[in-house]
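Inside the fold
Chain by chain, the residues:
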Amino acid sequence: HLYSPYMYMPSLVRIAAAMALSAVAGLSAPIDLKLVSVKKIWAEAPHSAFGDLIRFRSQWFCVFREGRWHVAQAGQEDDGKLRVIVSKDGEQWTSAALIAEAGIDLRDPHFSITADGRLMVVAGGSEYPQGKYKTRQPRVMFSKDGLKWSDPQKVLEPGHWLWRVTWYRG
């Protein structure tokens, strides 16, 4: 995870490439990875955490929870929003979208690419009325370009948590 208080990116481009190559090659031995550098890529909110990174349409996309606190506080029940940032080179990042749902703390987002080529985010949606945990229910959002996103849609039953999506045979 990339986390608080700022979003950092430790040469993730090189790490992701090495991991992908080892998976394609079917290597069973661990790869010797070396941390080359660490760079702050976002610092626009008091608390940024729980990030994910994906390569989509020749660009890097990073998504993370952005808010004032680690969890929503009393009077700030909709504190958790999802920030999507984008970079062509992994060096310069700009905001692509801010996804929010009234009264919901959106958390722990993860990317996936759908079989039809859309970018997808699956995230938790927690309710903290008066700052006290009530329930949670996963949300999904979709985008054709990484910039314009569908509204968060509930999936599964309340109380469940869908951590990540893996596609099987499309």
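Observations regarding the overall build of the protein
Secondary structure assignment for the protein yields one helix and ten strands. Walking the protein from its N terminus toward its C terminus, one meets helices and strands in the order β-α-β-β-β-β-β-β-β-β-β. Here the protein, with 170 residues, has 42% of them falling under the buried criterion. Taking the contacts inside the protein whose residues are at least 6 apart along the sequence as the reference set, 51% of them involve residues at least 24 apart. In the structure as shown, the protein presents an accessible area of about 9,600 Å², 54% of it carried by carbon and sulfur atoms.

Things to note about the packing of aromatic side chains
Counting across every chain of the model gives two aromatic pairs. For the pair Phe-56 and Phe-61, a centre-to-centre distance of 5.9 Å together with 70° between the ring planes defines the contact as edge-to-face. Here Phe-56 and Phe-61 have matching classes, each one buried. Considering the side-chain rings of Tyr-128 and Tyr-133, the 5.9 Å spacing of their centres and the 65° angle between planes classify their relative orientation as edge-to-face. On the basis of relative accessibility, which here comes to 46%, the residue Tyr-133 falls in the partly exposed class. Above the ring of Phe-142, the side-chain terminus of Arg-118 is found at 4.5 Å from the ring centroid.

Considering the sheet that holds strand β8 (residues 119-127)
A sheet is described by the order of its strands in space; here four strands give the open sequence β7-β8-β9-β10, paired in antiparallel fashion. Looking at which strands have only one partner, the edges of the open sheet turn out to be β7 (105-113) and β10 (153-154). Summarising the sheet, β8 and strand β9 (residues 135-143) pair through nine bridges and their orientation is antiparallel. Paired with Ala-123 across the two strands is Arg-139, which belongs to β9.

Here's the deal with the pairing of β7
With respect to burial, β7 is a largely interior element, eight of its nine residues being buried. Pairing between β7 and β8: seven bridges, direction antiparallel. Note on β8: the bridge partner recorded for Ile-113 is Leu-119.

Things to note about the sheet that holds strand β4 (residues 59-67)
Sheet architecture is open: four strands sit in the order β3-β4-β5-β6, paired in antiparallel fashion. Whereas interior strands pair on both sides, the edge strands pair on one side only; in this sheet they are β3 (47-56) and β6 (94-99). On average, adjacent strands in this sheet sit at an angle of 25° to one another, irrespective of strand direction. Here β4 pairs with strand β5 (residues 81-87) via seven bridges, running antiparallel. Counted as the bridge partner of Glu-66 is Lys-81 from β5.

Things to note about the confidence of the model for the protein
With 82% of its residues at a pLDDT of 70 or more, the protein shows a mean pLDDT of 84. In this model, residues 1-11 is a region of pLDDT below 50 whose contacts with residues beyond four sequence positions or in other chains number 51 contacts.

Observations regarding the nonpolar core
Membership of the largest hydrophobic core comes to 18 residues, with the highest contact counts inside it found for Phe-61, Leu-82, Val-84, Phe-111, Val-121 and Trp-149. Mapped onto this core, the elements with two or more residues apiece are β3, β4, β5, β6, β7 and β8. Residue contacts for Phe-61: discarding those within four places in its chain leaves Asp-52, Leu-53, Ile-54, Phe-56, Val-84, Ile-85, Val-86, Trp-93, Phe-111, Leu-119, Asp-145 and Gly-146. With seven residues, the next largest nonpolar core counts Ile-41, Cys-62, Phe-64 and Trp-93 among its residues.

About the cut-offs
Residues numbered from 1 in each chain as written. Predicted model: local features only at pLDDT ≥ 70, side-chain atom pairs only at ≥ 80, totals over all residues. Heavy atoms only, no water. Helix = DSSP H or I, 4+ residues; strand = E, 2+ residues; numbered from the N terminus. Buried < 20%, exposed > 50% of the residue type's maximum accessible area, 1.4 Å probe, protein only. Contact = heavy atoms within 4.5 Å. Areas by Shrake-Rupley, 256 points an atom, 1.4 Å probe, with all protein chains shown as cover. Phe/Tyr/Trp six-rings, centres within 6.5 Å; stacked < 30°, edge-to-face > 60°. Lys NZ or Arg CZ within 6 Å of the ring centre and 35° of its normal. Pairing = 2+ DSSP bridges. Axes fitted to C-alpha atoms, helices over the stretch in contact; angles between N-to-C directions. pLDDT = per-residue confidence, 0-100. Core = buried A, V, L, I, M, F, W, Y, C linked by side-chain atoms within 4.5 Å.

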